Amino acid sequence: MTWFNRQSRIVQILLLLIPVVNWIVEIIVRWSTFLKKGGVVRLIICLVVTIGGLFVGWLDCIWVLLFKKLFLQ
């Protein structure tokens, strides 16, 4: 998560726009956050991202554009 947040906004958006890359980035960011902080909501989000990560990745791309952070992060 800290690696992703350290990237410029352009790099974050590009990582979340490319279909397979956004899924991989989502899995890494979400699971690393869950392993550090825990929580039931984070676990549910991790499972949703692992199964349907492309949709969540594009949602996160829009969310990063608007609010400069990931959705439900």
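Higher on the page you've got the structure.
Bear in mind the structure is a predicted one, so any value in this text is a computation, not a measurement.

1. Some remarks on the environment of Val 48
Its place among the elements puts Val 48 in helix α4 (residues 40–67). Expressed as a C-alpha distance, the spacing of Val 48 and Ile 27, which sit 21 residues apart in the sequence, is 9.7 Å. In contact with Val 48, not counting residues within four places along its chain, are Gly 53 and Val 56.

2. Some points on the packing of helix α2 (residues 9–17) against helix α3 (residues 19–37)
At a minimum axis separation of 5 Å, α2 and α3 run at an interaxial angle of 110 degrees. Accordingly, the angle class assigned to the pair α2 and α3 is roughly perpendicular. Judged by residue contacts, Leu 15, Leu 16 and Leu 17 of α2 engage Pro 19, Val 21, Asn 22, Val 25 and Glu 26 from α3. By residue class, the composition of the contact of α2 with α3 is six nonpolar, one polar and one charged.

3. Thoughts on the packing of aromatic side chains
One pass over the structure, following the stated rule, counts three aromatic pairs. With a centroid separation of 5.8 Å and 90 degrees between ring planes, the pair formed by Trp 31 and Phe 34 is classed as edge-to-face. Separated by three residues within a single helix, Trp 31 and Phe 34 lie in helix α3, roughly one turn from each other. Exposure remark for Trp 31: the relative accessible area of 24% places this residue in the partly exposed category. Phe 34 sits in the buried class, given a relative accessible area of 18%. Between Trp 63 and Phe 67, the aromatic rings sit 4.7 Å apart at their centres with planes inclined by 50 degrees, giving tilted as the arrangement. Of this pair, Trp 63 and Phe 67 both sit in helix α4, four residues apart, which is roughly one turn of that helix. When its relative accessible area of 25% is taken as the criterion, Trp 63 is described as partly exposed.

Analysis parameters
- Residues numbered from 1 in each chain as written.
- Predicted model: local features only at pLDDT ≥ 70, side-chain atom pairs only at ≥ 80, totals over all residues.
- Heavy atoms only, no water.
- Helix = DSSP H or I, 4+ residues; strand = E, 2+ residues; numbered from the N terminus.
- Contact = heavy atoms within 4.5 Å.
- Axes fitted to C-alpha atoms, helices over the stretch in contact; angles between N-to-C directions.
- Parallel < 35°, antiparallel > 145°, perpendicular 65-115°, else oblique.
- Nonpolar A, V, L, I, M, F, W, Y, C, P; charged D, E, K, R; others polar.
- Phe/Tyr/Trp six-rings, centres within 6.5 Å; stacked < 30°, edge-to-face > 60°.
- Buried < 20%, exposed > 50% of the residue type's maximum accessible area, 1.4 Å probe, protein only.

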